[in-house]
Amino acid sequence: MITGTPKPIEEILEMIEPYDNIIVAGCFGCVTVCRVGGDKEVQVLASTLKLAREASGKKLEIKEVCLERQCDPEFLEPMRPYIEDYQAVLSIACGAGIQFMAEKFMKTPLLPGINTGFLGVTERQGEWAERCQGCGDCVLHLTGGICPVTRCAKSIFHGPCGGSVDGICEVAKDVKCGWQLIIDRLKALDQMENYGKLKPYKGWDASRDGGPRRIIREDMI
Amino acid sequence: MVIGCLEGDCHYVNGNIRARSRVKRVYNILEQIKIGPDRIRMYNLSAGEGAKFAAFTNEFVDQIENLGPSPINVARKNAASESVQEVQAT
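For every chain, the first residue of its written sequence is number 1, and the numbers climb from 1 along that sequence. Each chain takes a letter, starting from A, and each ligand takes a number, starting from 1, following the order in which they are written. A pLDDT threshold of at least 70 governs which residues receive local features in this predicted model, and a stricter bar of 80 or more applies before side-chain atom pairs are shown or counted, although totals over entire chains, interfaces and linings include all residues.

**Thoughts on the domain arrangement of chain A**
Stage number 1. Under the domain assignment, chain A is made up of domain 1 (2–118) and domain 2 (135–203).
Stage number 2. Each domain's extent is set by a domain assignment, obtained either automatically or from a database. Relative placement of domain 1 of chain A and domain 2 of chain A: their C-alpha centres are 38 Å apart.

What follows is the structure, given as structure tokens:
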């Protein structure tokens, strides 16, 4: 899922300072699962902002909505009849959702209520960790299902670097060496021969190097 | 004022520990919006500690009284008196 973290309330209050009536828009997709932008978070954030503004003597009217997804056009359209009744939208969806809403509603300012993080997993309740950088050229079949691009701090492709000590990466004591994880898993799978099959170099043309990416599925158009 | 079971003695196993985390979050929110984090507090008590419950309640009431009116109530009162003055002026 796409993860995120809430922006500090002070930052949000500064963003909404010029406005008297706004929409706080959540999303039932990824940000609901990682507890940062769902229906409940919309309610908590709206109440927090209303209280803060009321205490400062400047009232704020808020419409609370939570869309099925902010990254699909059909779920944005129902906002069209009323969106211009409000001065701005504070979205707590991911950066993709916020941008898509901005594209659809040109006359309404869009404000981000969260900082979008990474593609990750729920390791336990309340803890998420990065697993994929969307490099566009997956090699997980050769690396024991562990991604060298994401799990290695340097995204290197040819085994651990000199900063790997006792399975721990040099960047932080709580970061495991991605390549140690890969080798341990290849050994457990009895697939160490895959270690030698890695590409001599990785092309990054499928990643971000070509600018914003696009997928076109002719069979679905 | 939020009261949970004694730690390690919750019917919902770790429900009271989770509640403590939630209360801490509300505490942080109230602090961030400058309403005063000391307006919320969590205590842990068993059902048989009536005297302690009374003591905690008195302690919390004293704390709230010392803090004075909440900024929200002050703002609402000011807004109400301003609107009364406007009505009288017209």
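**A few points about the interface of chain B and chain A**
Stage number 1. Listed as interface residues are nine residues of chain B and, on the opposing side, eight residues of chain A.
Stage number 2. Of all the secondary-structure elements, those providing two or more residues to the side of chain B that touches chain A are helix H1 (15–32) and helix H3 (71–89) of chain B.
Stage number 3. When residues of the side of chain B that touches chain A are assigned to their parent elements, the largest contribution, four residues, is made by H3 of chain B.
Stage number 4. Class assignment for the residues of the side of chain B that touches chain A results in six nonpolar, two polar and one charged. By the criterion used throughout, residues are in contact when their C-beta atoms, derived from the backbone, lie within 7 Å. Counting from the N terminus, the helices are the DSSP runs of H or I reaching at least four residues and the strands are the DSSP runs of E reaching at least two. Nonpolar residues are Ala, Val, Leu, Ile, Met, Phe, Trp, Tyr, Cys and Pro. Charged residues are Asp, Glu, Lys and Arg, and all others, Gly as well, are polar.

**A look at helix H3 (residues 39–55) of chain A**
Because each turn of an α-helix spans 3.6 residues, side chains separated by three or four positions end up pointing in the same direction.
Stage number 1. Compared with an ideal rise of 1.5 Å per residue, which puts 17 residues at 24 Å, H3 of chain A spans 24 Å between its outermost C-alpha atoms and is within 8% of the ideal.
Stage number 2. Where H3 of chain A is buried, its residues touch helix H1 (9–16), strand E2 (21–27) and strand E3 (61–67) of chain A together with H3 of chain B. Given the number of residues in a helix, its expected span is that number minus one, multiplied by 1.5 Å.

**A look at the packing of H3 of chain A against H3 of chain B**
Stage number 1. Convention adopted: a line fitted to C-alpha atoms gives each axis, helices being fitted over their contacting stretch, and angles between N-to-C directions are expressed from 0 to 180 degrees. Close contact between H3 of chain A and H3 of chain B brings their axes to 8 Å; oriented N to C, the two are set at 60°. As judged from the angle between their axes, H3 of chain A and H3 of chain B are oblique. H3 of chain A and H3 of chain B meet at a crossing whose hand is left-handed. Taken together, the residues of H3 of chain B that come into contact with H3 of chain A (itself represented by Leu51, Glu54 and Ala55 of chain A) are Pro71, Ile72 and Ala75 of chain B.
Stage number 2. Class assignment for the residues of the contact of H3 of chain A with H3 of chain B results in five nonpolar, no polar and one charged. Convention used here: angles under 35 degrees read as roughly parallel, angles over 145 as roughly antiparallel, angles from 65 to 115 as roughly perpendicular, and any remaining angle as oblique. Here a crossing is called left-handed whenever its near helix is offset anticlockwise from the far helix by less than a right angle, and right-handed whenever the offset is clockwise.

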